[in-house]
Amino acid sequence: MKSTKPKLAWKVALTDKFIQALKVRDGKARDQVQDIVVPKLYVRVTDRGAKSFAVAALLQGRSGKAGEAGKSTTHFITLGRYPTLSLSPRVRRRRQHSR
């Protein structure tokens, strides 16, 4: 499990069409997009075009730095690469009913 500082992410309703066309913004090495229907679901994309799904988990505990005991940190847990892993039918149905 990798720990990273949360970065600003786009917030959109993820679709397969959107993910297929997704590219990093403004010459960044990596970017991420947050789903507005399932808020802890992200798609991450690299400058080489690799895309993967991740979920954000807020974990409490010791960060290892002095004075930061008990501080919450956001961890991104990678679920798998796109298109090997895609949006599930359940997520698609939830998205259709939320409109």
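Just above sits the structure.
The rules behind these values
Residues numbered from 1 in each chain as written. Predicted model: local features only at pLDDT ≥ 70, side-chain atom pairs only at ≥ 80, totals over all residues. Heavy atoms only, no water. Phe/Tyr/Trp six-rings, centres within 6.5 Å; stacked < 30°, edge-to-face > 60°. Buried < 20%, exposed > 50% of the residue type's maximum accessible area, 1.4 Å probe, protein only. Helix = DSSP H or I, 4+ residues; strand = E, 2+ residues; numbered from the N terminus. Lys NZ or Arg CZ within 6 Å of the ring centre and 35° of its normal. Pairing = 2+ DSSP bridges. Contact = heavy atoms within 4.5 Å. Lys, Arg positive; Asp, Glu negative; His and termini not counted. Salt bridge = Lys/Arg side-chain N within 4 Å of Asp/Glu carboxyl O. Polar contact = N/O pair within 3.5 Å; in protein donor to acceptor, adjacent residues only side chain to side chain. Core = buried A, V, L, I, M, F, W, Y, C linked by side-chain atoms within 4.5 Å.

Further remarks concern the packing of aromatic side chains. In the structure shown here, the tally under the stated rule is 3 aromatic pairs. Aromatic pair Trp 10 and Phe 18: ring centres 6.1 Å apart, planes at 75°, arrangement edge-to-face. The partly exposed category is assigned to Trp 10, whose relative accessible area is 26%. Relative accessible area serves as the criterion here: at 28%, Phe 18 is assigned to the partly exposed category. When the ring of Phe 53 is compared with that of Tyr 82, the centres are 6.1 Å apart and the planes differ by 70°; the resulting orientation is edge-to-face. Of the two residues, Phe 53 is situated in strand 5 (residues 51-60) and Tyr 82 in strand 6 (residues 72-82); the sequence distance between them amounts to 29 residues. Accessibility assignment for this pair places Phe 53 and Tyr 82 in one class, buried. Of note, Arg 44 hangs over the ring of Phe 76, and the distance from its end group to the ring centre comes to 4.4 Å.

Here we come to the pairing of strand 4 (residues 41-46). The element strand 4 is extensively covered by neighbouring structure, given that 5 of its 6 residues are classed as buried. With 5 bridges connecting them, strand 3 (residues 30-35) and strand 4 associate as antiparallel partners. Across the sheet, residue Arg 30 finds its bridge partner in strand 4, namely Thr 46. Where strand 3 folds back on strand 4, the antiparallel hairpin that results is connected by 5 residues.

The subject of this paragraph is the environment of Ser 52. Of note, Ser 52 is situated in strand 5. Spatially, the C-alpha atoms of Ser 52 and Thr 78 are 7.1 Å apart, while their sequence positions differ by 26 residues. Among residues more than four places away in sequence, those in contact with Ser 52 are Tyr 42, Val 43, Arg 44, Thr 78, Gly 80, Arg 81 and Tyr 82.

Topologically, Arg 44 is positioned in strand 4. In this structure Arg 44 is buried but unpaired, with Asp 31 as the nearest side chain of opposite charge at 9.0 Å. For Arg 44, the side chain forms a polar contact with the side chain of Gln 32, separated by 3.1 Å.

On to the nonpolar core, then. Counting residues in each nonpolar core, the largest one holds 11 residues, listed as Val 12, Leu 14, Ile 19, Leu 22, Val 33, Leu 41, Val 43, Val 45, Phe 53, Tyr 82 and Leu 87. By residue number, the principal contributor to this core is strand 4, which donates 3 residues. Residue contacts for Ile 19: discarding those within four places in its chain leaves Leu 14, Val 43, Lys 51, Phe 53, Tyr 82 and Leu 87.

Take it as geometry only, folks, not as evidence of what the structure does.
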